[in-house]
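What the coordinates show
What follows is each chain in one-letter form.
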Amino acid sequence: MVRPELEYIVYSSEAPMKCRVISMENSSPHWHNEYEVFFMLRGSLTLNVEGESYRLEKGDIVLINSCELHSMNSPEKGNICLTLQFSPELISEVYKDLYHFNLNTKLDLPSKTSVILDIRTILAEIGLLLFEKPGGYPFMIKSSLYKFIGLLFRHIHFSKNKKETTLSNADLDEFDRVQQYIKMNFRQELKQGQICKALGLSRSKLYRLLKASGSVSTTELTNFHRIEHAKTQLLNTKWHILDIAAESGFESESSFYRVFKDLTGVSPNQYRESPIPQKAPFGIQGYVDYPIPDAITLLQKYI
């Protein structure tokens, strides 16, 4: 059975990786087999990784390891982020084990600040090569990608085994069951006891799954899916805001407005008038590609 919240990455033709410069709105908790690097170019983004939250700002870099449960949200519009997702097979070509890297500039820095400068430069180079496509660029991309991985092994703390807080495959499957139950029933006022009874989970197990996802309550996860549904209705219907609020499971228009703005940074009316395009499958990520000429300008500052 395919996990509904497992994100499948479509690689570029140049290498087993995917690199984009995007404006991120929010995402539900999800994971993928690939490593993922976030390099903040402008604005801010809150990144939730297995129960810990980090507010990324310009210049920050965080690496999410293979199969780590994570989500993002940005209540302010206009953030720009370079994301690099690459296959663990690039490492297994040389080493057989799965490695966990502790690259997070919000927590620890390598002993040499120059290492972070080098990493920023390499990430910017990969993005520029993909956008500008100079002669021989596929070889140059592979070279930069391997150089980046080499820097991880040389300067970033790593271990062969995943850290203890990483969820097991069984836990990820259990979390999927929680996600799917909430998606099917978000119009109801869901209580933890109701979810536990319906799915046969203990309260402690549900709490651990929610904490690892970056959600401290079922209400947060329910509200995420309510707002995702509401955004669809705002763009595809002419219903009154009050009707959309009620149809999305909110008891009052005021609570709908408050939650909507908390999660999107704008009011429902503003979103309807000037929506952020949704480029990814429902329930995984909400982002839009940044215009290539503007992305090139941002990346050139790090070369």
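Our structure's up above, just so we're on the same page.
First things first, this report covers the structure right here in the doc. (Residues numbered from 1 in each chain as written. Predicted model: local features only at pLDDT ≥ 70, side-chain atom pairs only at ≥ 80, totals over all residues. Heavy atoms only, no water.)

Here we come to the state of the cysteines. Evaluated as defined, the whole model comprises zero disulfides. Cysteine Cys-19 remains unbridged, with the sulfur of Cys-81 as its closest cysteine sulfur at 10.0 Å. With a relative accessible area of 13%, Cys-19 lands in the buried category. (Disulfide = S-S within 2.5 Å. Buried < 20%, exposed > 50% of the residue type's maximum accessible area, 1.4 Å probe, protein only.)

Let us now look at the packing of aromatic side chains. Centre-to-centre distance and the angle between the planes together describe a pair of aromatic rings. Counted according to the given criterion, the structure contains 16 aromatic pairs. An angle of 20° between the planes, with centres 5.2 Å apart, marks the rings of Tyr-35 and Phe-86 as stacked. Of this pair, Tyr-35 sits in strand S2 (residues 35-42) while Phe-86 sits in strand S7 (residues 80-86), placing them 51 residues apart in sequence. Taken individually, Tyr-35 and Phe-86 each receive the classification buried, so the pair is uniform in this respect. Relative to Phe-153, the ring of Tyr-95 lies with its centre 5.1 Å away and its plane at 55°, an arrangement referred to as tilted. In this pair, Tyr-95 is assigned in the loop between helix H1 (89-92) and strand S8 (100-101) and Phe-153 in helix H3 (residues 137-155), connecting sequence segments 58 residues apart. Here the aromatic cluster, defined as three or more aromatic residues joined through ring pairs, consists of Tyr-35, Phe-86, Tyr-95, Tyr-99, Phe-101, Phe-148, Phe-153 and Phe-158. The ring of Phe-250 has Arg-226 lying over it, and the distance from NZ or CZ to the ring centre is 5.4 Å. (Phe/Tyr/Trp six-rings, centres within 6.5 Å; stacked < 30°, edge-to-face > 60°. Helix = DSSP H or I, 4+ residues; strand = E, 2+ residues; numbered from the N terminus. Lys NZ or Arg CZ within 6 Å of the ring centre and 35° of its normal.)

Our focus in this paragraph is unusual backbone geometry. Its identity as a non-glycine residue notwithstanding, Cys-67 has a phi of 70°, on the positive side. Looking at Cys-67, the relative accessible area reads 12%, which means it is buried.

Counting buried residues along S2, seven of its eight residues qualify, which places the element largely inside the surrounding structure. Note that S2 and strand S5 (residues 61-64) share four bridges and pair antiparallel. Bridge assignment links Phe-39 to a residue of S5, and that residue is Ile-61. (Pairing = 2+ DSSP bridges.)

Attention now moves to the pattern of salt bridges. With the rule as written, the count across this model stands at eight salt bridges. Lys-106 serves as the salt-bridge partner of Glu-57, at 3.9 Å between the closest nitrogen and oxygen. Pair noted here: Glu-57 is in strand S4 (residues 52-57) and Lys-106 is in the loop between S8 and helix H2 (113-132), with a separation of 49 residues, a long-range link. A salt bridge links Asp-97 to Lys-160; its shortest N-O distance comes to 3.7 Å. (Salt bridge = Lys/Arg side-chain N within 4 Å of Asp/Glu carboxyl O.)

Burial of nonpolar side chains together is a common tendency in soluble globular proteins. Among the nonpolar cores identified, the biggest contains 44 residues, and Met-17, Leu-84, Phe-86 and Phe-148 are the most heavily contacted of them. If you list the elements that add at least two residues to this core, you get strand S1 (17-27), S2, S5, S7, H1, H2, H3 and helix H11 (292-300). When residues in this core are grouped by element, the largest group, ten residues, is from H2. Filtering out sequence-adjacent residues up to four positions away, Leu-84 remains in contact with Met-17, Lys-18, Cys-19, Tyr-35, Glu-36, Val-37, Leu-123, Ile-126, Leu-145 and Phe-148. Counting residues in each nonpolar core, the second largest holds 16 residues, with Tyr-181, Ile-182, Leu-201 and Leu-210 among its members. (Core = buried A, V, L, I, M, F, W, Y, C linked by side-chain atoms within 4.5 Å. Contact = heavy atoms within 4.5 Å.)

Before going further, it helps to spend a moment on helix H5 (residues 192-199). Since the α-helix packs 3.6 residues into each turn, any two residues three or four apart lie on the same face. Buried within H5 we find Ile-195, Cys-196 and Leu-199. Buried residues of H5, seen end-on, are gathered within an arc of 100° and therefore sit on one face of the element. One or two steps after H5, the chain reaches Gly-200, where phi turns positive at roughly 70°. (Arc of directions from axis to C-beta.)

Contact geometry for H2 and H3: axes closest at 9 Å, N-to-C directions at 160°. Taken together, the axis directions place H2 and H3 in an arrangement best described as roughly antiparallel. Between H2 and H3 the crossing geometry is left-handed. Taking contact as the criterion, the partners of Val-115, Asp-118, Ile-119, Ile-122, Leu-123, Glu-125, Ile-126, Leu-129 and Leu-130 in H2 are, on H3, Tyr-137, Met-140, Ile-141, Ser-144, Leu-145, Lys-147, Phe-148, Leu-151 and His-155. Of the residues contributing to the contact of H2 with H3, the split by class is 13 nonpolar, two polar and three charged. (Axes fitted to C-alpha atoms, helices over the stretch in contact; angles between N-to-C directions. Parallel < 35°, antiparallel > 145°, perpendicular 65-115°, else oblique. Left-handed = near helix turned anticlockwise from the far one by under 90°. Nonpolar A, V, L, I, M, F, W, Y, C, P; charged D, E, K, R; others polar.)

On to the environment of Met-40, then. Structurally, Met-40 can be placed in strand S2. Met-40 gets classed as buried once you look at its relative accessible area, which sits at 0%. Spatially, the C-alpha atom of Met-40 lies 6.4 Å from that of Leu-82, the residues being 42 residues apart in sequence. Aside from chain neighbours lying at most four places away, what touches Met-40 is Leu-45, Leu-56, Glu-57, Lys-58, Gly-59, Asp-60, Asn-79, Ile-80, Cys-81 and Tyr-302.

Examined against the element boundaries, Gln-179 turns out to sit in helix H4 (residues 169-185). When its relative accessible area of 0% is taken as the criterion, Gln-179 is described as buried.

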